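# Structure at a glance
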Amino acid sequence: GPDFPLSSGQARLWVLQRLYPDAAVYNVCGALDLEGQLDVPALERALTALEERHHALRLRIVRRPDDPVGARQRLVPAGELRLLSTDLSGEADPTVSADALAAADASIAFRLEDDPPVRARLITLGPSHWRLVVSIHHSACDGWSMPILLRDLGNLYARELGRPAPRMPSLSRHYEDFAAWQREFIESDDGRV
């Protein structure tokens, strides 16, 4: 796909990731406890639809020496996000083990040039009880965005099951549009201090 400039925030995070490649301090994490019947293939399709809807979840940073920042972002096709699966239903206290596993997932650094900026793990806690754990790098998500992403995932999952879901208007602007506008503004006469 085409390359887009990094936003100033993404550029800072990319430099920090290169300086401290094993640091996971910029991971934003969320979890949903799910009960009842779960259609895992439908959940996987909903995750792909979430990537389609929210471009930031499928942006990769690519080195570009010709760019003033030294890197740009590239939009890759949806579908690289894999739902990891772990069954803890045989554990004495699966929720304690699930908390430890979620914390371990949250402590894994993202490689912004190679990895999708999002990871998801479905943890089986019992015959009709699961926990979906999502970790997203701050270059693609912030604390305000995580509830929106989880809500959209729920609506997309409902649609995959053929159930009614709230209307989700198409998104006319994406993060790469903001980054391009920001770069243009900074490089213009208006953006110079």
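Residues numbered from 1 in each chain as written. Predicted model: local features only at pLDDT ≥ 70, side-chain atom pairs only at ≥ 80, totals over all residues. Heavy atoms only, no water.

## Considering the sheet that holds strand β3 (residues 59–63)
Quick reminder of the rule: When DSSP finds two or more bridges between a pair of strands, those strands are recorded as paired. Runs of H or I in DSSP of at least four residues are treated as helices and runs of E of at least two as strands, each being numbered from the N terminus. All axes here are fitted lines through C-alpha atoms, helices being fitted over the stretch that makes contact, and every angle between N-to-C directions spans 0 to 180 degrees. Whether two residues are in contact is decided by their heavy atoms, any of which lying within 4.5 Å being enough.
The 3 strands lie next to each other as β1-β4-β3, forming an open sheet whose pairing is antiparallel. Looking along the sheet, the strands with just one partner apiece sit at the ends: β1 (3–5) and β3. Going from strand to strand, the sheet's axes swing by 45 degrees on average, the running direction of each strand aside. The pairing of β3 with strand β4 (residues 71–75) spans 5 bridges and is antiparallel. Considered in β4, the bridge of I61 is made with Q73. Contacting β1, β3 and β4, helix α1 (residues 8–19) crosses the sheet at an angle of about 65 degrees to β3.

## Structural notes on the environment of I136
Formally: Throughout, exposure labels follow a simple rule: accessible area from a 1.4 Å probe, protein chains only, divided by the maximum for the residue type, with under 20% read as buried, over 50% as exposed, and the rest as partly exposed.
Examined against the element boundaries, I136 turns out to sit in strand β7 (residues 129–137). Residue classification places I136 among the buried residues on the basis of a relative accessible area of 2%. Sequence separation between I136 and C29 is 107 residues, and the spatial gap between their C-alpha atoms is 6.3 Å. If we ignore the near neighbours within four places in the chain, the residues touching I136 are Y26, N27, V28, L57, F110, P117, V118, C141, M146 and L149.

## Looking at the environment of R58
By the secondary structure assignment, R58 is in the loop between α2 (40–53) and β3. With a relative accessible area of 7%, R58 lands in the buried category. The contact partners of R58, leaving out residues within four places of it in the chain, are E51, E52, R74, L75, V76, P77, A78 and P117.

## Structural notes on the pattern of salt bridges
Quick note on the threshold: The rule for a salt bridge is simple: a side-chain nitrogen of Lys or Arg has to be within 4 Å of a carboxyl oxygen of Asp or Glu.
Overall, the coordinates contain 16 salt bridges when judged by the stated rule. A salt bridge links R64 to D3; the shortest N-O distance between them is 2.5 Å. Pair noted here: R64 is in the loop between β3 and β4 and D3 is in strand β1, with a separation of 61 residues, a long-range link. Accessibility expressed as a relative area gives 17% for D3, which makes it buried. A salt bridge links R45 to E160; the nearest nitrogen and oxygen atoms lie 2.7 Å apart. Separated by 115 residues along the polypeptide, R45 in helix α2 and E160 in helix α4 (residues 145–160) bring together distant segments of the chain.

## What to know about the side chain of R58
Going by this rule: We define a polar contact as two N or O atoms separated by no more than 3.5 Å, with the added condition that, inside protein, one atom must be a possible hydrogen donor and the other a possible acceptor, whereas residues neighbouring each other in sequence contribute only through side-chain atom pairs.
Among the polar contacts made by the side chain of R58, one reaches the main-chain carbonyl oxygen of E51 at a distance of 2.9 Å. At 2.9 Å, the side chain of R58 and the backbone oxygen of V76 are in polar contact.

## Considerations on the nonpolar core
Put simply, the rule is: Throughout this description, the term nonpolar core refers to a set of buried Ala, Val, Leu, Ile, Met, Phe, Trp, Tyr and Cys residues connected via side-chain atoms within 4.5 Å.
Counting residues in each nonpolar core, the largest one holds 30 residues, and the members touching the most others are L132, V134 and I136. Of all elements in the fold, only α2, β6 (118–126), β7 and α4 reach the threshold of two or more residues within this core. Per-element accounting of this core gives the leading share, 6 residues, to α4. Counting residues in hydrophobic clusters, the runner-up holds 7 residues, among them L6, A11, W14 and I61.

## With respect to the sheet that holds strand β5 (residues 83–87)
Read across the sheet, 4 strands follow the order β2-β7-β6-β5 without closing on themselves; strand pairing throughout is mixed. At either end of the open sheet lies a strand with only one pairing partner, and these are β2 (27–35) and β5. The mean inter-strand angle of the sheet, taken between neighbouring strand axes irrespective of direction, is 20 degrees. The strands touched by α2 are β5, β6 and β7; relative to β5, the strand with the most contacts, the crossing angle is about 145 degrees.

Bear in mind that shape data such as this cannot, by itself, settle questions of function.
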